[in-house]
Amino acid sequence: TIIDEKRLQFAYLFCIEDGSLERTLDHGKAIGPQGISLTDMHAVTSGEDLVIKLWLISSGELLWTVPAPSTLISAVVLTSSHLLATGSTTVSALSLSDASEQHQLELAASQSCDWAHLATDGSFLVLSNRARQATVWTL
């Protein structure tokens, strides 16, 4: 996945075998620094327009668009069944099937989130911030 620096609203998906361009996803507005996440079936984008979009990778079809659950989205992370959207002090788990909010994790005010990383097997979510603090959640 490459995000074009001149036109940040586009995410380009390339074939790993031959480097050919497979899909172009047009978010519509600038995508944030951690505003894209992929699984083998889906891609998600979020950006300055404070909306989250879920895409089907095989066709590039936009499945749904929802307002961000927070006024600031630090990162989006996909699991096999949920989309995790991190705000400055919350993490919202949205259902992939209908975008409904399933859970919301609250962070202490001193544990704000700037980055989110999901363990390869999807069992842990690590949130970190510029103050060098980390929070680990078991999913």
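Everything numeric in this text was worked out from a predicted model, so none of it was measured. Each residue is numbered by its place in its chain's sequence as written, counting from 1. Side-chain atom pairs in this predicted model are given and counted only at pLDDT of 80 or more, local residue features only at pLDDT of at least 70, and totals for whole chains, interfaces and linings cover all residues. In computing side-chain values, all of the structure's heavy atoms are included and hydrogens and water are not.

K.L.:
Help me understand the packing of aromatic side chains, please; the structure alone is not making it clear to me.
P.N.:
Describing an aromatic ring pair means giving the distance of the ring centres and the angle of the ring planes. Note on ring pairs: Phe, Tyr and Trp rings are taken, using the six-membered ring of Trp, and paired if centres are within 6.5 Å. Classes follow the plane angle, with under 30 degrees stacked, over 60 edge-to-face and the rest tilted. The tally for this structure, following the rule as stated, stands at one aromatic pair. The interplanar angle of 15 degrees and the centroid separation of 6.3 Å between the aromatic rings of phenylalanine 10 and tyrosine 12 together place this pair among those described as stacked. Exposure categories follow from relative accessible area, calculated using a 1.4 Å probe and restricted to protein chains: below 20% of the type maximum is buried, above 50% is exposed, and the middle band is partly exposed. According to the relative accessible area criterion, tyrosine 12 is buried, its value standing at 15%.

K.L.:
Mind showing me how you'd approach the pairing of strand β2 (residues 10-14) here?
P.N.:
Side-chain direction in a regular strand flips from residue to residue, so the side chains alternate between the two faces of the sheet. The element β2 is largely enclosed, with a buried count of four among its five residues. The pairing criterion is simple: DSSP has to find at least two bridges between the two strands. Starting at the N terminus, helices and strands are each numbered in turn, a helix being any DSSP run of H or I of at least four residues and a strand any DSSP run of E of at least two. As paired strands, β2 and strand β3 (residues 21-26) are joined by five bridges and run antiparallel to one another. Residue pairing in the sheet places alanine 11 in a bridge with leucine 25 of β3. Between β2 and the antiparallel strand that follows it, β3, lie six residues; glycine 19 among them carries a positive phi value of about 80 degrees.

K.L.:
Would you mind showing me how to read the nonpolar core here?
P.N.:
One recurring pattern in soluble globular proteins: nonpolar side chains tend to sit buried together. With 14 residues, the main nonpolar core has Val44, Ile52, Trp64 and Leu83 as its most contacted residues. Counting residues per element, the ones that place at least two in this core are β6 (51-56), β7 (62-67), β8 (75-78) and β9 (82-86). Contacts are residue-level and defined by heavy atoms, with any inter-residue pair within 4.5 Å sufficient. Excluding anything up to four places from it in sequence, tryptophan 64 contacts Ile52, Lys53, Leu54, Leu83, Ser95, Leu96, Ser97, Asp98 and Ala99. Grouped together as the second largest cluster of nonpolar side chains are 10 residues, Leu84, Val91, Ala93 and Leu127 included. The set of buried Ala, Val, Leu, Ile, Met, Phe, Trp, Tyr and Cys residues whose side-chain atoms join them within 4.5 Å is what this entry labels a nonpolar core.

K.L.:
Looking at this structure, I do not really get the side chain of threonine 79. What am I missing?
P.N.:
Counting through the fold element by element, threonine 79 comes out in the loop between β8 and β9. Accessibility expressed as a relative area gives 15% for threonine 79, which makes it buried.

K.L.:
I'm lost on the sheet that holds strand β5 (residues 42-47) in this one. Help?
P.N.:
Two orientations exist for strands paired in a sheet by backbone hydrogen bonds: parallel and antiparallel. Across the sheet, which stays open at both edges, the four strands sit in the order β4-β5-β6-β7 with antiparallel pairing between neighbours. A single partner strand is all that each edge strand has here, and the edge strands are β4 (31-38) and β7. Neighbour-to-neighbour, the strand axes of the sheet open up by a mean angle of 15 degrees, direction not taken into account. Relative to β6, β5 runs antiparallel, the two sharing five bridges. Bridging across to β6, alanine 43 finds its partner in tryptophan 55. Here the axes come from fitting lines to C-alpha atoms, over the contacting stretch only for helices, and the angles between their N-to-C directions go from 0 to 180 degrees.

K.L.:
What's the story with the environment of tryptophan 55 in this structure? I'm lost.
P.N.:
Checked against the element boundaries, tryptophan 55 lands in strand β6. Tryptophan 55 sits 10 residues away from threonine 65 along the chain, and the two C-alpha atoms are 9.2 Å apart. Among residues more than four places away in sequence, those in contact with tryptophan 55 are Leu25, Asp26, His27, Met41, His42, Ala43, Val44, Thr45, Gly60, Glu61, Leu62 and Leu63. Pairing of N or O atoms within 3.5 Å defines a polar contact, subject to two protein rules: one partner must be a possible hydrogen donor and the other a possible acceptor, and residues neighboring in sequence count only if both atoms are side-chain atoms. Within the local environment of tryptophan 55, its side chain forms a polar contact with the side chain of threonine 45, the two groups lying 3.1 Å apart.

K.L.:
Is there a simple way to think about the sheet that holds strand β14 (residues 134-138) in this case?
P.N.:
Across the sheet, three strands lie side by side as β12-β13-β14; this open sheet has antiparallel pairing. Whereas interior strands pair on both sides, the edge strands pair on one side only; in this sheet they are β12 (115-118) and β14. On average, adjacent strands in this sheet sit at an angle of 20 degrees to one another, irrespective of strand direction. Bridging between β12 and strand β13 (residues 124-128) involves four bridges; their strand directions are antiparallel. Within the sheet, the bridge partner assigned to alanine 116 lies in β13 and is leucine 127.

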